Amino acid sequence: KILLASICVAFIAVKWSAPSFNPESLRGARVLVTGASTGIGEQMAYHYARFGAQLVITARREKVLQQVAEKCLSLGAQKALYIAADMGSESDPEKVVDFAREKLGGLDYLVLNHIGPSPFSMWEGNVEHVRWLMKVNFFSYIQMAWKALDSLEQSKGSLVIVSSLLGKMPSPFVAPYTSTKFAVNGFFGALYHELAMRKSNVSISICTLGLIDTDSAMEKVRGVTDVPAYPATDAALNIIITGATRQPELFYPWFTHIVNLSKDWIPSATSYIIQNSYKYDP
Ligand code: NDP
């Protein structure tokens, strides 16, 4: 009980000490959001639009991007441009950054959010799929971050990385996806230290999300687990605030932080809970 009370006090203290968010700071901000045709990325585009940002959004499906961009303009975005790109290609990640820098005249936020589709199933040895998913979910992130770093340095900008609890805590049925998110956390965790040591102007925020109610996630877990899913629009807003206030980490929903700590504090109980939170009959 004392341990639990201390954890709660520590969390409340962290929440209170967090810098306050000024929505005006996003008016006119030059923002590039990836994976913005659906899900959390789409919701982030709408929030940035309501705050009056200048947006470039990207994903593969041009028609869908066009519709999202139109809605962004109707919500108040100062600009809403789109570029179709495949993050599994060698050249598209850098092409997208160049497009955004040119059209917006620089960059204040790079929000890396896209993921390629991956099956929710036991690992059956498809190494080629993992290789491809690494390209989409990891290599394109580091290509884009490197390409954007100069512009972010000039604007005292922010790199916002959308990651997952599964990038800190492995879970069954998602071995390829989990691997890509561990890679993302490892790389950007190291870059965070390097930028701080170089006294860089650029902030990095790594966002650890639990289950969010996007269509793609719900399609996978429906009927398989009773883990609660949290609203994509709320997750999106929390990610944006974390980036705008230059905080290094977000855990959303808040208890994902405790779940993450539990894997080190009570490993066997955590493994038992993980393995029994899915309906699986061999
Ligand atoms: P979605 O599957 O809803 O959206 C994925 C986005 O990526 C889409 O816009 C899709 O658009 C785009 N995309 C897919 N493949 C490619 C590709 N090859 N090249 C370029 N773009 C591509 O994902 P979510 O909104 O659910 O997740 C967003 C982020 O949140 C991810 O980083 C995910 O890891 C993280 N997260 C999500 C959780 C959840 O429960 N939903 C939980 C924890 C973390 P298009 O098909 O048009 O290319």
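About the criteria used
- Here the residue numbering is sequential within each chain, running from 1 through the sequence in written order.
- Local features are withheld for residues below a pLDDT of 70 in this predicted model, meaning they are given only at 70 or higher, and side-chain atom pairs are given and counted only at 80 or more; totals for whole chains, interfaces and linings count all residues.
- Each side-chain value is derived from all of the structure's non-hydrogen atoms; neither hydrogens nor water enter the calculation.
- We define proximity as follows: a residue is near a molecule or strand when any one of its heavy atoms falls within 4 Å of that partner.
- Polar contacts here mean pairs of N or O atoms no more than 3.5 Å apart (in protein, one a potential hydrogen donor and the other a potential acceptor; neighbouring residues in sequence count only if both atoms are side-chain atoms).
- Each accessible area value is a Shrake-Rupley result obtained with a 1.4 Å probe; residue values ignore everything except the protein chains displayed when judging cover.
- Runs of H or I in DSSP of at least four residues are treated as helices and runs of E of at least two as strands, each being numbered from the N terminus.
- Residue polarity follows a fixed list, in which Ala, Val, Leu, Ile, Met, Phe, Trp, Tyr, Cys and Pro are nonpolar, Asp, Glu, Lys and Arg are charged, and the others, Gly among them, are polar.
- Burial classification: accessible surface area is computed with a 1.4 Å probe over protein chains only, and a residue below 20% of its type maximum counts as buried, one above 50% as exposed, and the rest as partly exposed.
- Here, two residues are considered to be in contact whenever any of their heavy atoms come within 4.5 Å of each other.
- To estimate how far a helix should reach, multiply one less than its number of residues by 1.5 Å.
- The pairing criterion for strands is at least two bridges between them, as found by DSSP.
- In this analysis, axes come from line fits to C-alpha atoms, helices being fitted only over the stretch in contact, and the angle between any two N-to-C directions falls in the range 0 to 180 degrees.
- A pair of Phe, Tyr and Trp rings is counted when the ring centres sit within 6.5 Å of each other, with Trp represented by its six-membered ring. The angle between the planes then sorts it: under 30 degrees is stacked, over 60 is edge-to-face, the rest tilted.
- The criterion is that NZ of a Lys, or CZ of an Arg, lies within 6 Å of the ring centre and within 35 degrees of the ring normal, and then a charge sits over that ring.
- Take the buried residues of types Ala, Val, Leu, Ile, Met, Phe, Trp, Tyr and Cys, join any two whose side-chain atoms come within 4.5 Å, and each joined set is a nonpolar core.

1. Quick look at the site of the ligand
Right, on to step 1. Lining the immediate environment of the ligand, one finds 31 residues, of which S37, R60, R61, Y177 and T214 sit closest.
Right, on to step 2. A distance of 3.5 Å separates an oxygen atom of the ligand from a polar atom in the backbone of V162.
Right, on to step 3. Within the backbone of I212, a nitrogen or oxygen atom sits 2.8 Å from an oxygen atom of the ligand.
Right, on to step 4. Protein contacts shield 93% of the accessible area of the ligand, which totals 890 Å² for the unbound molecule.
Right, on to step 5. Mapped by element, the contributors of at least two residues to the shell around the ligand are α2 (39–50), α5 (127–155), β5 (158–164), α6 (175–197) and α7 (215–221).
Right, on to step 6. Of the residues that constitute the shell around the ligand, the class distribution is 15 nonpolar, 12 polar and four charged.

2. Points about the side chain of S163
Right, on to step 1. Tracing the chain through its elements places S163 in strand β5.
Right, on to step 2. Here S163 falls in the buried class, since its relative accessible area comes to 3%.
Right, on to step 3. If sequence neighbours within four positions are ignored, S163 has contacts with K181, V184, N185, I206, C207, T208 and L209.

3. Brief notes about unusual backbone geometry
Right, on to step 1. For the bond running from Y252 to P253, omega is -10°, close enough to zero to count as cis.
Right, on to step 2. Within the element layout of this structure, P253 appears in the loop between β7 (249–252) and α9 (256–265).
Right, on to step 3. Positive phi values are uncommon outside glycine, yet K199 reaches one of about 55°.
Right, on to step 4. Notably, R246 is not glycine yet its phi reads approximately 55°, a positive angle.
Right, on to step 5. The residue R246 is located in the loop between α8 (232–244) and β7 in this model.
Right, on to step 6. Taking the relative accessible area as the measure of exposure, R246 reaches 29% and is therefore partly exposed.

4. A few points about α2
Right, on to step 1. Its 12 residues give α2 an end-to-end C-alpha distance of 17 Å, which sits within 8% of 16 Å, the value for a rise of 1.5 Å per residue.
Right, on to step 2. Most of α2 is tucked away: nine of the 12 residues are buried.
Right, on to step 3. Taken together, the buried positions of α2 are occupied by I40, G41, E42, M44, A45, Y46, H47, Y48 and A49.
Right, on to step 4. One or two residues past the end of α2 sits G52, with phi positive at roughly 80°.

5. Examining the environment of Y177
Right, on to step 1. Relative to the helices and strands, Y177 is located in helix α6.
Right, on to step 2. Placed 104 residues apart in sequence, Y177 and D281 show a C-alpha to C-alpha distance of 22 Å.
Right, on to step 3. When neighbours within four sequence positions are excluded, Y177 is seen to be in contact with I115, S118, L133, N137, S164 and L166.

6. A short note on the sheet that holds β7
Through backbone hydrogen bonds, the strands of a sheet pair up, either in parallel or in antiparallel fashion.
Right, on to step 1. The sheet built from seven strands is open, its strands ordered β3-β2-β1-β4-β5-β6-β7 with parallel pairing. Every other strand in the sheet has two partners, leaving β3 (79–84) and β7 as the edge strands with one partner each. For this sheet, the mean angle separating the axes of adjacent strands, direction not counted, is 15°.
Right, on to step 2. In this structure, strand β1 (residues 30–34) lies alongside strand β2 (residues 54–59), joined through five bridges in parallel fashion. When the bridges of β2 are listed, V31 appears paired with L55.
Right, on to step 3. In the packing of α5 onto the sheet, contacts are made with β1, β4 (109–112) and β5, and the angle to β4 comes to roughly 160°.
Right, on to step 4. This element, α6, spans β4, β5 and β6 (203–209) of the sheet and lies at about 150° to β5.

7. So, the packing of aromatic side chains
Right, on to step 1. All told, the structure shown has 12 aromatic pairs when counted by the stated rule.
Right, on to step 2. With a centroid separation of 5.4 Å and an interplanar angle of 80°, the aromatic rings of F21 and F51 are classed as edge-to-face. With a gap of 30 residues between them, F21 in the loop between α1 (2–17) and β1 and F51 in the loop between α2 and β2 connect regions that are remote in the sequence.
Right, on to step 3. Three or more aromatic residues joined by ring pairs form one cluster here, namely F120, F173, Y278 and Y280.
Right, on to step 4. Above the face of the Y46 ring, K71 is positioned so that its terminal group lies 4.3 Å from the ring centre.

8. Quick word on the nonpolar core
Right, on to step 1. Ranked by internal contacts, the top residues of the largest apolar core, which has 37 residues, are V31, M44, Y48, C72, Y109, V111 and I239.
Right, on to step 2. If we skip the residues at most four places from it in the chain, V31 touches Y48, A53, Q54, L55, V56, L104, L107, Y109 and V111.
Right, on to step 3. Judged by nonpolar contacts, the second largest core, of 32 residues, contains V96, M134, V136 and Y141.

9. Re the environment of G243
Right, on to step 1. Relative to the elements of secondary structure, G243 occurs in helix α8.
Right, on to step 2. C-alpha separation for the pair G243 and V160, spaced 83 residues apart in sequence, amounts to 5.8 Å.
Right, on to step 3. Leaving out residues up to four positions away in the same chain, G243 has contacts with Y109, S158, V160 and S205.

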